[in-house]
Amino acid sequence: GAPTADRRGVASVAAQVGDRASSLRQTYLDEQGSPTDDDGGIAAFLNSYDELGHLTETSVFDKEGRHATSPNGSSIMRWKYDERGQIVEVSFLDGEGHPTRNADGYAVSKHQYDGDGNGTEGTYFDETGTITYGESGCARIVRKYGPDHETTEWDCFDVTDSPALSNDGYSVARYAFD
């Protein structure tokens, strides 16, 4: 039989892989094989990868080929990695490539790791580069670890770097293990 649209309005997906698998474009198609927007207004997305295979950018488009806005509030997401392949920065951008706040209220998150690869710090910034609050209600989160890489402490800070209450109602969580 012929393709039938699912609940999002998509009947099929066309995929196009770039040179040396450096990109992947997926386009949503209707029953006639024409690009169509899903129920969120997105008809296509383009993922780009670095030479190590890390996802470095995702852009979303409508059926007219213009940048669309994803459910997270951005048109483009970019990832940066350290030499160990750990994410050190995530940016949310509008269709013109300018920083924009995502649905959680920040435009950029930056991450630090210890020598063992444990995430030790995460900090959130707005579209101007000013520190702001992330989805947890914290502007900066600091984690400490035990000898077996288990989280032993989680600390929440506000935009002035003072202890702050997270959305869960605490500023410090300490964990003990037997």
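Residues numbered from 1 in each chain as written. Predicted model: local features only at pLDDT ≥ 70, side-chain atom pairs only at ≥ 80, totals over all residues. Heavy atoms only, no water.

Caption draft 1: Region of interest: the sheet that holds strand 5 (residues 76-81). The antiparallel open sheet is built from 11 strands, whose spatial order is 1-2-3-4-5-6-7-8-9-10-11. Among the strands making up the open sheet, the edge pair consists of strand 1 (12-17) and strand 11 (172-174). Sheet twist, expressed as the average angle between the axes of neighbouring strands with direction ignored, equals 10°. Pairing of strand 7 (residues 108-113) with strand 8 (residues 119-125), which is carried by six bridges, proceeds in the antiparallel orientation. Its bridge partner lying in strand 8, valine 108 is registered against phenylalanine 125. (Pairing = 2+ DSSP bridges. Helix = DSSP H or I, 4+ residues; strand = E, 2+ residues; numbered from the N terminus. Axes fitted to C-alpha atoms, helices over the stretch in contact; angles between N-to-C directions.)

Caption draft 2: Broad picture of the environment of threonine 151. With respect to the helices and strands, threonine 151 occurs in strand 10 (residues 151-157). According to the relative accessible area criterion, threonine 151 is partly exposed, its value standing at 26%. When the C-alpha atoms of threonine 151 and arginine 174 are compared, they prove to be 8.3 Å apart, with 23 residues separating the residues in sequence. (Buried < 20%, exposed > 50% of the residue type's maximum accessible area, 1.4 Å probe, protein only.)

Caption draft 3: The arrangement of the state of the cysteines in detail. Evaluation of the coordinates by the stated rule reveals one disulfide. Two residues, cysteine 138 and cysteine 156, share a disulfide whose sulfurs are 2.1 Å apart. Taking the torsion about the S-S bond as the criterion, the cysteine 138 to cysteine 156 disulfide, at about -120°, is left-handed. Here cysteine 138, found in the loop between strand 8 and strand 9 (140-145), pairs with cysteine 156, found in strand 10; they are 18 residues apart in sequence, far enough to count as distant. (Disulfide = S-S within 2.5 Å.)

Caption draft 4: Inspection of the pattern of salt bridges at higher detail. For the coordinates displayed, the defined rule picks out 10 salt bridges. Residues glutamate 57 and arginine 78 are paired through a salt bridge, measuring 2.6 Å at the closest nitrogen-oxygen approach. Linking glutamate 57 in strand 4 (residues 55-61) with arginine 78 in strand 5, this pair joins segments that are 21 residues apart in sequence. Take arginine 78: its relative accessible area is 36%, and that puts it in the partly exposed class. Measuring nitrogen to oxygen at the nearest pair gives 3.7 Å for the salt bridge that ties lysine 144 to glutamate 153. (Salt bridge = Lys/Arg side-chain N within 4 Å of Asp/Glu carboxyl O.)

Caption draft 5: Fine view of the nonpolar core. One finds Met77, Trp79, Val90, Phe92, Tyr106, Tyr124, Cys138, Ile141, Trp154, Cys156, Ala164 and Ala173 forming the largest nonpolar core, which totals 12 residues. Elements with a contribution of two residues or more to this core: strand 5, strand 6 (87-93) and strand 10. Residues contacting tryptophan 79, with those up to four places away along its chain left out, are Leu55, Thr56, Glu57, Thr58, Ile87, Glu89 and Val90. Judged by nonpolar contacts, the second largest core, of six residues, contains Val10, Tyr28, Val60 and Ala68. (Core = buried A, V, L, I, M, F, W, Y, C linked by side-chain atoms within 4.5 Å. Contact = heavy atoms within 4.5 Å.)

Caption draft 6: Examining the side chain of histidine 54 more closely. By the element assignment, histidine 54 lies in the loop between strand 3 (44-49) and strand 4. In this structure, histidine 54 is in contact with Ser48, Tyr49, Tyr81 and Gly85, ignoring residues within four places of it in sequence.

Caption draft 7: Representation of unusual backbone geometry within the structure. Positioned with a positive phi, histidine 149 is a non-glycine residue whose angle comes to about 65°. Along the polypeptide, histidine 149 turns up in the loop between strand 9 and strand 10. The phi dihedral of aspartate 161 falls on the positive side, at around 70°, and the residue is not glycine. Note that aspartate 161 resides in the loop between strand 10 and strand 11.

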